[in-house]
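An overview of the molecular structure
For reference, the chains in residue letters:
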Amino acid sequence: VKACASMGTNAISMVQRGITKKVSTPYDDSSKDCIGCGACAEICPTKAITLQDNNGVRQIWNKSFNLIKCSCCGEYFTTEQCLNYINKKTNNTETENQIFCEKCKRKSIGEKFKESYKNYY
């Protein structure tokens, strides 16, 4: 719940009381606020929250999300909703043909850094 709240989406919460208390979406329906980032599944200590990525589609919280491929390596790495949410929060205007996963971004930054110091050696 805290991971989702820290993302700013608040798509999940604690529901029910007592020994039946659990993490879920409102009324166990697909949440309109969920962006499919998977932060909740990644941080869940019991692995009770699961997500499935198959053929460019992510399933989590009774909802399906289309995944986006990295322009560099071609691997699926995030959902359209997650990318749009992050771009909106950061005022980023990346276009579809410039979308890179974290691994490729780091590689690109490393190459630029290397090139910038090339003249010093």
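Located above this text is the structure these notes cover.
I will try to describe carefully the structure that is included in this document. (Residues numbered from 1 in each chain as written. Predicted model: local features only at pLDDT ≥ 70, side-chain atom pairs only at ≥ 80, totals over all residues. Heavy atoms only, no water.)

Turning our attention to the overall build of the chain. Across its full length, the chain carries four helices and six strands. Principal axes of the C-alpha set define a box for the chain whose edges measure 65 × 25 × 25 Å. For the chain, the residues scored as buried account for 29% of the 121 residues in total. Expressed as a percentage of contacts within the chain between residues at least 6 apart in sequence, the contacts between residues at least 24 apart total 39%. Of the roughly 9,200 Å² of accessible surface on the chain, a fraction of 50% belongs to carbon and sulfur atoms. (Helix = DSSP H or I, 4+ residues; strand = E, 2+ residues; numbered from the N terminus. Buried < 20%, exposed > 50% of the residue type's maximum accessible area, 1.4 Å probe, protein only. Contact = heavy atoms within 4.5 Å. Areas by Shrake-Rupley, 256 points an atom, 1.4 Å probe, with all protein chains shown as cover.)

On inspection of all chains with the given rule, the structure shows zero disulfides. Just so you know, cysteine 4 is unpaired, no disulfide at all, and the nearest cysteine sulfur is the one on cysteine 40, 6.4 Å from it. With no disulfide of its own, cysteine 101 lies 3.6 Å from the sulfur of cysteine 104, the closest cysteine sulfur. Classification of cysteine 101 as buried rests on a relative accessible area of 8%. (Disulfide = S-S within 2.5 Å.)

Attention now moves to the nonpolar core. It is characteristic of soluble globular proteins that their nonpolar side chains tend to be buried jointly. Cys4, Ala11, Ile12, Cys34, Cys40, Ala41, Cys44, Ile49, Ile60, Trp61 and Phe65 together form the largest nonpolar core, which totals eleven residues. Discounting chain neighbours no more than four positions away, the residues touching cysteine 4 are Thr9, Asn10, Ala11 and Ile12. (Core = buried A, V, L, I, M, F, W, Y, C linked by side-chain atoms within 4.5 Å.)

Scanning the model with the defined rule gives four salt bridges in all. Across the pair glutamate 102 and lysine 105 runs a salt bridge whose closest N-O atoms are separated by 4.0 Å. Taken together, the positions of glutamate 102 and lysine 105, both in helix H4 (residues 102-116) and three residues apart, correspond to about one turn of that helix. With a relative accessible area of 49%, glutamate 102 lands in the partly exposed category. (Salt bridge = Lys/Arg side-chain N within 4 Å of Asp/Glu carboxyl O.)

Covered by surrounding structure in strand S4 (residues 57-60) are Arg58 and Ile60 only, the residues Val57 and Gln59 on the alternate face being uncovered. Note that strand S3 (residues 52-54) and S4 share three bridges and pair antiparallel. What sits directly across from aspartate 53, in S4, is arginine 58. Between S3 and S4, which pair antiparallel one after the other, the connecting turn spans two residues, and asparagine 55 there sits at a positive phi close to 50 degrees. (Pairing = 2+ DSSP bridges.)

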